[in-house]
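Structural characterization, general
Below, each chain spelled out in residue letters.
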Amino acid sequence: MMADTAASLRSLGDQTKENMRAVWEGAKKLPRPAQVIPASARCDVSADGELSCREAAVQACRKKGYTSGRAVDTASVDACRPARPDERRSGESVTCRTRYEVTTALCW
């Protein structure tokens, strides 16, 4: 009788293990839900000055394992630097550009 119980428990354990493996493999195939993520991706500015953050948001989402995304929030930063190294000391002729980046993206 003890041998029958041990065999039954072993069989039950094997079945449970197989079922869990099937659940795990099935879960890998489910689509990921959309999620808002923090990001830091620079937006493109076209020749006519139009801001386009779509590609930056998609790239940020792809880095996190999603296939696509859309910018939710952006930020602008003034990036200033001297034209030549010797101008750094004097502070003259500093050029500034405004850079835009995606700070939050909705990914799916």
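To start, this report covers the structure provided alongside it. (Residues numbered from 1 in each chain as written. Predicted model: local features only at pLDDT ≥ 70, side-chain atom pairs only at ≥ 80, totals over all residues. Heavy atoms only, no water.)

**Some words on the overall build of the chain**
Each helix and strand counted, the chain has 3 helices and 5 strands in total. When the helices and strands of the chain are read in sequence order from the N terminus, they spell out α-β-β-β-α-β-α-β. In the chain, which comprises 108 residues, the proportion classed as buried is 16%. When contacts within the chain are restricted to residue pairs at least 6 apart in sequence, those whose partners lie at least 24 apart make up 63%. (Helix = DSSP H or I, 4+ residues; strand = E, 2+ residues; numbered from the N terminus. Buried < 20%, exposed > 50% of the residue type's maximum accessible area, 1.4 Å probe, protein only. Contact = heavy atoms within 4.5 Å.)

**Regarding the state of the cysteines**
The full count for this structure, using the stated rule, is 3 disulfides. The disulfide bridge from Cys80 ends at Cys96, spanning 2.0 Å between sulfur atoms. Measuring the twist about the S-S bond at about 110°, one finds the Cys80-Cys96 disulfide to be right-handed. Placement of Cys80 in strand 4 (residues 69-82) and of Cys96 in strand 5 (residues 94-107) is noted, with a sequence separation of 16 residues between them. Taken N- to C-terminal, the disulfide-bonded cysteines of the chain are connected 1-2, 3-6, 4-5. (Disulfide = S-S within 2.5 Å.)

**Focus: a nonpolar patch on the surface**
Judged by side-chain polarity, Val36, Val72, Leu106 and Trp108 come together as a nonpolar surface patch covering roughly 340 Å² of accessible area. Position of Val36 relative to the elements: it lies in strand 1 (residues 35-42). (Patch = residues over 30% accessible without salt bridge, like charges linked within 9 Å, V, L, I, M, F, W, Y side chains within 5 Å. Areas by Shrake-Rupley, 256 points an atom, 1.4 Å probe, with all protein chains shown as cover. Salt bridge = Lys/Arg side-chain N within 4 Å of Asp/Glu carboxyl O.)

**Here's the deal with the side chain of Ser68**
Of note, Ser68 is situated in the loop between helix 2 (54-63) and strand 4. Taking the relative accessible area as the measure of exposure, Ser68 reaches 19% and is therefore buried. Here Ser68 is in contact with Val58, Cys61, Leu106, Cys107 and Trp108, once residues within four sequence places are set aside.

**Some remarks on the sheet that holds strand 5**
One open sheet holds the 3 strands; their spatial order is 1-5-4, and the pairing between them is antiparallel. Of all the strands in the sheet, just strand 1 and strand 4 have a single pairing partner and so form its edges. The average undirected angle you get between the axes of adjacent strands in this sheet is 20°. Summarising the sheet, strand 1 and strand 5 pair through 6 bridges and their orientation is antiparallel. For Arg42, the partnering residue across the bridge sits in strand 5 and is Glu101. (Pairing = 2+ DSSP bridges. Axes fitted to C-alpha atoms, helices over the stretch in contact; angles between N-to-C directions.)

**Observations regarding the nonpolar core**
Formed by 13 residues in total, the largest nonpolar core has its most connected members in Ile37, Cys61, Val102, Ala105 and Cys107. The element contributing the most residues to this core is helix 2, with 4 residues. Setting aside anything within four residues of it in sequence, one finds Cys107 in contact with Pro33, Ala34, Gln35, Ile37, Cys61, Tyr66, Ser68 and Gly69. (Core = buried A, V, L, I, M, F, W, Y, C linked by side-chain atoms within 4.5 Å.)

**Examining a positive patch on the surface**
A grouping of Arg42, Arg81, Arg97 and Arg99 is seen on the molecular surface, where their side chains present a positively charged patch. Checked against the element boundaries, Arg99 lands in strand 5. (Lys, Arg positive; Asp, Glu negative; His and termini not counted. Charge placed at Lys NZ, Arg CZ, Asp CG, Glu CD.)

**Topic: helix 1 (residues 2-28)**
The end-to-end C-alpha distance of helix 1 is 39 Å, a good match for the 39 Å that 27 residues give at a rise of 1.5 Å each. By the criterion of burial, helix 1 is predominantly exposed, with just 0 of the 27 residues buried. (Expected span 1.5 Å × (residues − 1).)

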